[in-house]
Amino acid sequence: MPRSVNHVASRAKRKRILKLTRGYYGARKNVWTVAKNTWEKGLTYAFRDRRNKKRSFRALWIQRINAAARLEGMSYSRLMGALHANGIEINRKVLADLAVNHPEAFKAIVAKVK
């Protein structure tokens, strides 16, 4: 008896992954094994970088807060310590946004903890 192979499903699977690799360079877009490896590696990069994005944004917020705090005569670490000591619960994302877009509100916060 001849071997039965589900060509419909296997071709559909290949077409789906090759469609996902459109726009890649060279053989990465049309050679099945290369495209599959590239696509899988892209998934691992995406997984890793979803976590790295959080790290990068936190670093950016800290730099912005530090720059704005130094304009007010305080360092970042002293400002954050004073905020915690005075019981002001404000996260770095909001504090960085205030520092960039609403400097008068940031000055008021710094004046309150000085």
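Residues numbered from 1 in each chain as written. Predicted model: local features only at pLDDT ≥ 70, side-chain atom pairs only at ≥ 80, totals over all residues. Heavy atoms only, no water.

Q: Please clarify how the environment of Val113 should be interpreted in this entry.
A: For Val113, the location among the structural elements is in helix α5 (residues 103-113). Residues Val113 and Ile88, 25 residues apart in the sequence, show an inter-C-alpha distance of 8.8 Å. (Helix = DSSP H or I, 4+ residues; strand = E, 2+ residues; numbered from the N terminus.)

Q: Teacher, can you tell me more about the nonpolar core here?
A: Generally speaking, a soluble globular protein has its nonpolar side chains buried in company with each other. The biggest cluster of nonpolar side chains holds 17 residues, and the ones touching the most others in it are Ile65, Met74, Leu79, Leu83, Leu95, Phe106 and Val113. Only α2 (32-71), α3 (76-85), α4 (92-101) and α5 provide two or more residues apiece to this core. Sort the elements by how many residues they give to this core and α3 lands first, with five residues. Not counting residues within four places of it along the chain, the set of residues in contact with Met74 comprises Ala69, Leu79, Ala82, Val110, Val113 and Lys114. (Core = buried A, V, L, I, M, F, W, Y, C linked by side-chain atoms within 4.5 Å. Buried < 20%, exposed > 50% of the residue type's maximum accessible area, 1.4 Å probe, protein only. Contact = heavy atoms within 4.5 Å.)

It is worth stressing that arrangement in space is one thing and function is another; only the former is reported here.
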